[in-house]
Amino acid sequence: QLQLVESGGGLVQPGGSLRLSCAASGYTLRYYAIGWFRQAPGKEREGVSCISSSGGSTIYADSVKGRFTISRDNAKDTVYLQMNSLKPEDTAVYYCAAADDSGGEMFGSADYSAFVRWGQGTQVTVSS
């Protein structure tokens, strides 16, 4: 069964950068759209970014446009989230999840029902 494992989180100062990785285990993720989500204490889960299975289509939340970049290397069964110019409000647990491409197309409307495989999350803390 497909398992997703996030890594790359940590503590970074405002304005700094981190690169998160979402790696597949048990089954390939190359046929799936992959989304990145985050959840901070007391706040709802937020869709951050999504990439189609081919990598040809991406979408970003307004809050991260121009700062974050999603990419994938299907040969390595890995999806990345490059996070630059980090702000304290980016602090959250970040999760990746897999969906069929048809479900991934609904990411922009905040319909995440098709994302049925989730990783365990990695903590990102932006603080001085």
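For the structure, see preceding data.
Residues numbered from 1 in each chain as written. Predicted model: local features only at pLDDT ≥ 70, side-chain atom pairs only at ≥ 80, totals over all residues. Heavy atoms only, no water.

Trainee: I would appreciate a short explanation of the overall build of the chain in the present structure.
Mentor: Each helix and strand in the chain was counted, giving one helix and eleven strands. Going residue by residue from the N terminus, the α and β elements of the chain occur as β-β-β-β-β-β-β-β-β-α-β-β. Its C-alpha radius of gyration of 13 Å places the chain within 12% of the 14 Å reference for a compact globule of 128 residues. Taking the principal axes of the C-alpha coordinates as reference, the chain spans close to 40 × 30 × 25 Å. Out of the 128 residues belonging to the chain, those deemed buried represent 44%. When contacts within the chain are restricted to residue pairs at least 6 apart in sequence, long-range pairs at least 24 apart make up 60% of them. (Helix = DSSP H or I, 4+ residues; strand = E, 2+ residues; numbered from the N terminus. Rg over C-alpha atoms; globule rule 2.2 N^0.38 Å. Buried < 20%, exposed > 50% of the residue type's maximum accessible area, 1.4 Å probe, protein only. Contact = heavy atoms within 4.5 Å.)

Trainee: What is the right way to look at the state of the cysteines in this model?
Mentor: Linking two cysteines covalently via their sulfur atoms produces the bond known as a disulfide. A full pass over the atoms with the stated rule returns one disulfide. Here Cys-50 stays free of any disulfide, with the sulfur of Cys-22 as its closest cysteine sulfur at 11 Å. Look at Cys-50 and you get buried, because its relative accessible area is 4%. (Disulfide = S-S within 2.5 Å.)

Trainee: Before we go on, may I ask you to explain the pattern of salt bridges in this structure?
Mentor: Pairs may arise between side chains of opposite charge once their charged atoms sit close together. Here the structure, examined in full by the defined rule, presents four salt bridges. With a shortest N-O distance of 3.1 Å, Lys-65 and Asp-62 are connected by a salt bridge. Its salt-bridge partner being Asp-90, residue Arg-67 comes within 2.7 Å of it at the nearest N-O pair. With a gap of 23 residues between them, Arg-67 in the loop between strand S6 (58-60) and strand S7 (68-73) and Asp-90 in the loop between strand S8 (78-83) and strand S9 (92-99) connect regions that are remote in the sequence. The same class applies to Arg-67 as to Asp-90, namely buried. The network of salt bridges with shared partners includes Arg-38, Glu-46, Arg-67 and Asp-90. (Salt bridge = Lys/Arg side-chain N within 4 Å of Asp/Glu carboxyl O.)

Trainee: Even after reading the chapter, I still don't get the sheet that holds S7, so can you show me in this structure?
Mentor: What holds strands together in a sheet is hydrogen bonding between their backbones, with the strands either parallel or antiparallel. One open sheet holds the four strands; their spatial order is S1-S3-S8-S7, and the pairing between them is antiparallel. Strands with a single pairing partner mark the edges of an open sheet, and in this sheet they are strand S1 (3-7) and S7. Between one strand axis and the next, the sheet turns through 15° on average, direction left out of account. Bridge analysis of S7 against S8 gives six bridges, and the strand direction is antiparallel. If you follow Ile-70 over to S8, its bridge partner there is Leu-81. (Pairing = 2+ DSSP bridges. Axes fitted to C-alpha atoms, helices over the stretch in contact; angles between N-to-C directions.)

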